[in-house]
Amino acid sequence: QSQLVIDLRVAPVGDEFILVLADDRTEFARVQVMRTDFVANVSHELKTPVGAIGLMAEAIESSADDPASVEYFSQRLQKESQRLSHLVQDVIELSRLQSSDVVRQSQLVDINQVVSASIDRNRITAEGKEIILQAGGRAKRPVHGDPELLGTAIRNLIENAIRYSPEKTKVGIGITERDGVVKVSVKDQGPGIPEDEQDRIFERFYRIDPARSRQTGGTGLGLSIVKHVVGQHSGEISVWSVPGEGSTFTMTLPTVDEETEQDLLNTMKGA
Ligand code: ADP
């Protein structure tokens, strides 16, 4: 599927010209294939909610004199349209992350604040399933990056933990910091992830149980988004899981040392 194009150019150096630049387009070809796949996957994923919305609208029309049916189909219609909007949001987010010209805020970020805001945004969903969100630990040093993107990534991990866990369980969100790295981990008591699927779940639209993911509002893009965000922050994401016992997702990010922090603060003052 990939092609290699050697692109030779003449470049001026001082008064002379030299023949340089063997430009390897293999990466370019690979990205093209990835984009085409992405468009095909997105089109496929859009078909389900779009089709369902059409059917629900027809059902409402044909059951106009039965208020109970109208209510039932209206609720289903709302759910499908929410799913559609969630999918569109995730597709936009991932496309932005994948494009090289993504404009990213670069600032000192207090990861404690980002984590607690992400927990707050998941409280209502957790309460709906009587899941207890337990937070622990603190980071002393900041990280460098985009607080919104980091928030999106942490929120996705917490959302998944809640989505795949049974009712009345616990989700633990921990922060630890050591030797220049901060780790944010999200631990659940859900079904766990078989070892041979642990790498694949970070691929776009890969789901272990597609029906369950869709039913619970999953788009299949959450972990790809997490992986991209973490990569852009020179960090890592890993999963540890024992099927039947639960999963722990751990995000590792480099912290900013005191000297760099001072430099960044001075630059910001100057700007
Ligand atoms: P989705 O929107 O389907 O949750 P993700 O990319 O976030 O998409 O996750 C991919 C798949 O990984 C999910 O469909 C699910 O099968 C699995 N998964 C993710 N998080 C968990 C978890 N905490 N426990 C069990 N399975 C999980």
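The name given to the chain in an unreviewed UniProt entry is Sensor-like histidine kinase SenX3, and the organism recorded there is Rothia aerolata. The UniProt entry for the chain carries this comment under Catalytic activity (unreviewed entry): "ATP + protein L-histidine = ADP + protein N-phospho-L-histidine." Check the Subcellular location (unreviewed entry) section of the UniProt entry for the chain; it says "Cell membrane".

> Teacher, can you tell me more about the overall build of the chain here?
Within the chain one finds seven helices and nine strands. A burial count over the chain gives 37% of its 271 residues as buried. When contacts within the chain are restricted to residue pairs at least 6 apart in sequence, those whose partners lie at least 24 apart make up 68%. Within the structure as shown, the chain displays about 16400 Å² of accessible surface, and the carbon and sulfur contribution to it stands at 52%.

> Can you help me understand helix 4 (residues 147-164) in this one?
At 3.6 residues per turn, the α-helix brings residues three or four places apart onto the same side. In a regular helix each residue adds 1.5 Å, so 18 residues correspond to 26 Å; helix 4 covers 26 Å between its end C-alpha atoms and thus fits that length. Among the 18 residues that make up helix 4, 14 are buried, leaving the element largely enclosed by the rest of the structure. You can read the cap of helix 4 off the contacts: a side-chain oxygen lies 2.9 Å from the backbone nitrogen of Glu-148, and it is on Asp-146.

> Looking at this structure, how should I read the side chain of Arg-163?
If you trace the backbone, Arg-163 turns up in helix 4. Buried charge without a partner: Arg-163 forms no salt bridge, and the closest opposite charge is Glu-159, 4.3 Å away. There is a polar contact of 3.2 Å between the side chain of Arg-163 and the backbone oxygen of Thr-216. Residues in contact with Arg-163, not counting those within four places in the same chain, are His-86, Lys-129, Arg-212, Thr-216, Gly-217 and Gly-218.

> I'm lost on the nonpolar core in this one. Help?
As a rule of thumb, soluble globular proteins bury nonpolar side chains together. Core analysis: the biggest nonpolar cluster contains 45 residues, and Ile-111, Leu-133 and Met-251 have the highest contact counts within it. When residues of this core are assigned to their parent elements, the largest contribution, eight residues, is made by helix 4. In this structure Leu-133 touches Ile-119, Asn-122, Arg-123, Ala-126, Ile-158, Ile-162, Val-171 and Ile-173, once residues within four positions along its chain are discounted.

> What is the right way to read the pattern of salt bridges from this model?
Should their charged atoms come close, side chains of opposite charge can pair. Under the counting rule described, the total for this entry stands at nine salt bridges. A salt bridge links Asp-120 to Arg-123; its shortest N-O distance comes to 3.3 Å. Placement of the pair is Asp-120 and Arg-123 together in helix 3 (residues 111-128), with a separation of three residues, close to one helical turn. The class for Asp-120 is partly exposed, based on a relative accessible area of 47%. Linking Glu-203 and Arg-200 is a salt bridge whose minimum nitrogen-to-oxygen distance equals 3.0 Å. For Glu-203, a relative accessible area of 35% gives the class partly exposed. Residue classification places Arg-200 among the partly exposed residues on the basis of a relative accessible area of 38%. Three or more residues joined by partner-sharing salt bridges are found here, namely Glu-45, Arg-207 and Arg-214.

> Sorry if this is basic, but what is going on with the site of the ligand here?
Looking at the ligand, there are 20 residues lining it, with Tyr-164, Asp-188, Ser-213, Thr-219 and Gly-220 nearest. At a separation of 2.7 Å, an oxygen atom of the ligand approaches a polar backbone atom of Thr-219. Here an oxygen atom of the ligand and a backbone polar atom of Leu-223 are 2.9 Å apart. When the free accessible area of the ligand is taken as 530 Å², the share hidden by the protein chains comes to 98%. Broken down by secondary-structure element, the contributors of at least two residues to the shell around the ligand are helix 4, helix 6 (222-232) and strand 9 (246-254). Top contributing element to the shell around the ligand by residue count: helix 4, with four residues.

> Even after reading the chapter, I still don't get unusual backbone geometry, so can you show me in this structure?
Only a minority of non-glycine residues have a phi that is not negative, and only a minority of peptide bonds are not trans. Of note in the backbone geometry, Glu-130 takes a positive phi value of approximately 50 degrees without being a glycine. Within the fold, Glu-130 resides in the loop between helix 3 and strand 4 (132-136).

> Is there a simple way to explain the environment of Val-109 in this structure?
By the element assignment, Val-109 lies in strand 3 (residues 107-109). For the pair Val-109 and Gly-145, spaced 36 residues apart in the sequence, the C-alpha separation amounts to 6.5 Å. The contact partners of Val-109, leaving out residues within four places of it in the chain, are Val-114, Pro-142, Val-143, Gly-145, Asp-146, Pro-147 and Leu-150.

> Just to check I follow, could you spell out the packing of helix 3 against helix 4 for this structure?
Geometrically, a packed helix pair is captured by the angle between its two axes and the distance between the axes. It is at 9 Å that the axes of helix 3 and helix 4 come closest, and there the two elements cross at 40 degrees. Comparing the axis directions of helix 3 and helix 4 gives the class oblique. Seen from above, helix 3 lies across helix 4 with right-handed handedness. Here Ile-111, Val-114, Val-115, Ser-118, Ile-119, Arg-121, Asn-122, Thr-125 and Ala-126 of helix 3 come into contact with helix 4, specifically with Pro-147, Leu-150, Gly-151, Ile-154, Arg-155, Ile-158, Glu-159 and Ile-162. Looking at the contact of helix 3 with helix 4 residue by residue, the class counts come to 10 nonpolar, four polar and three charged.

About the criteria used
Residues numbered from 1 in each chain as written. Predicted model: local features only at pLDDT ≥ 70, side-chain atom pairs only at ≥ 80, totals over all residues. Heavy atoms only, no water. UniProt positions renumbered as here; feature names shortened; annotations may be inferred. Helix = DSSP H or I, 4+ residues; strand = E, 2+ residues; numbered from the N terminus. Buried < 20%, exposed > 50% of the residue type's maximum accessible area, 1.4 Å probe, protein only. Contact = heavy atoms within 4.5 Å. Areas by Shrake-Rupley, 256 points an atom, 1.4 Å probe, with all protein chains shown as cover. Expected span 1.5 Å × (residues − 1). Polar contact = N/O pair within 3.5 Å; in protein donor to acceptor, adjacent residues only side chain to side chain. Lys, Arg positive; Asp, Glu negative; His and termini not counted. Salt bridge = Lys/Arg side-chain N within 4 Å of Asp/Glu carboxyl O. Core = buried A, V, L, I, M, F, W, Y, C linked by side-chain atoms within 4.5 Å. Near = heavy atom within 4 Å. Axes fitted to C-alpha atoms, helices over the stretch in contact; angles between N-to-C directions. Parallel < 35°, antiparallel > 145°, perpendicular 65-115°, else oblique. Left-handed = near helix turned anticlockwise from the far one by under 90°. Nonpolar A, V, L, I, M, F, W, Y, C, P; charged D, E, K, R; others polar.

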